[in-house]
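Breakdown of the fold
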Amino acid sequence: GVLVKVYDGDLELRLNEVYEFVGVLTRDAALVHPQKSDDEFIEEAIAANPPDSQVTRLHCILMEKAPMPHAASPQASQVNSQNAGIARAKLVECLTEAFGGDSLAAEYLLLTLVSSIKVRCE
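I will try to describe carefully the structure that is included in this document. (Residues numbered from 1 in each chain as written. Predicted model: local features only at pLDDT ≥ 70, side-chain atom pairs only at ≥ 80, totals over all residues. Heavy atoms only, no water.)

So, on to a nonpolar patch on the surface. Together, L104, Y108, L111, L113 and V114 make up an exposed nonpolar region whose accessible area comes to about 530 Å². Residue position: L111 is located in helix 5 (residues 103-114). (Patch = residues over 30% accessible without salt bridge, like charges linked within 9 Å, V, L, I, M, F, W, Y side chains within 5 Å. Areas by Shrake-Rupley, 256 points an atom, 1.4 Å probe, with all protein chains shown as cover. Salt bridge = Lys/Arg side-chain N within 4 Å of Asp/Glu carboxyl O. Helix = DSSP H or I, 4+ residues; strand = E, 2+ residues; numbered from the N terminus.)

Let's shift gears to the layout of surface pockets. One number sums up the size of the second largest pocket: a volume of about 490 Å³. Considering the residues around the second largest pocket, the lining is formed by 15 residues, among which E17, F21, F99, L109 and L113 are closest to the centre. Secondary structure elements with two or more residues in the lining of the second largest pocket: strand 1 (2-5), strand 2 (19-26) and helix 5. Counting residues per element, the lining of the second largest pocket draws most heavily on helix 5, at 4 residues. (1 Å grid on protein atoms, 1.4 Å probe; cavity = no way out; pocket = protein on both sides within 12 Å on 5 of 7 lines; lining within 4 Å. Points joined across faces, edges and corners; volume = space filled by probe spheres on them.)

Take the pairing of strand 3 (residues 56-65) next. Looking at chain direction, strand 1 and strand 3 are connected through 4 bridges and run parallel. Bridge assignment links K5 to a residue of strand 3, and that residue is H59. (Pairing = 2+ DSSP bridges.)

The next point concerns the pattern of salt bridges. Enumeration over the complete set of coordinates arrives at 2 salt bridges. Among the ionic pairs, E107 bridges to R88, the shortest N-O distance being 2.6 Å. Highlighted residues: E107 in helix 5 and R88 in helix 4 (residues 81-98), separated in sequence by 19 residues. Overall, E107 belongs to the partly exposed group, its relative accessible area being 25%. (Buried < 20%, exposed > 50% of the residue type's maximum accessible area, 1.4 Å probe, protein only.)

A few words on helix 5. Side chains that are three or four residues apart share a direction in an α-helix, a result of its 3.6 residues per turn. Helix length check: helix 5 (12 residues) gives 17 Å between terminal C-alpha atoms against 16 Å at 1.5 Å per residue, within 8%. For helix 5, the N-terminal capping position is held by D102, with its side-chain oxygen 3.3 Å away from the main-chain nitrogen of L104. (Expected span 1.5 Å × (residues − 1). Polar contact = N/O pair within 3.5 Å; in protein donor to acceptor, adjacent residues only side chain to side chain.)

This part is about the side chain of T56. Relative to the helices and strands, T56 is located in strand 3. Take T56: its relative accessible area is 13%, and that puts it in the buried class. Filtering out sequence-adjacent residues up to four positions away, T56 remains in contact with G1, V2, L3, L25, T26 and R27. (Contact = heavy atoms within 4.5 Å.)

Taking 1.5 Å per residue, 18 residues should reach 26 Å; helix 4 reaches 26 Å between its end C-alpha atoms and fits that length. The complete set of buried residues in helix 4 reads V92, L95 and T96. Buried residues of helix 4, seen end-on, are gathered within an arc of 100° and therefore sit on one face of the element. Away from the buried face of helix 4 by more than 90 degrees, exposed residues Q82, K90, E93, C94, E97 and A98 are located. Contacts from the buried residues of helix 4 go to helix 5. The first or second residue beyond helix 4 is G100, which carries a positive phi of 70°. (Arc of directions from axis to C-beta.)

Purely geometric stuff here, so don't read any function into it on its own.
In structure tokens, the structure reads:
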């Protein structure tokens, strides 16, 4: 996984949207460890900044919403019910590996990626 640090306060991320990020990938341990103190909120600081061994940081320079494929695209017409099951199984397998063996997280991510929101109430 990657922890994406977005510094532009004007951008609003929305749930179930896919974004593309361009930035600087860091693994600098000095940036991720909270300073030593007797603060009662040290656990929250550690949770907000997990160690580099668990997650890498991406300091975002450019972020934009990823284009969504249209249902009438040529790639969508090539999928039938037989190879859709095979494709789904391979996707879940790849995502499970990316999540370190967590198949439930892989299933949730796949469902999030294929879902779409028709109407937003603001």
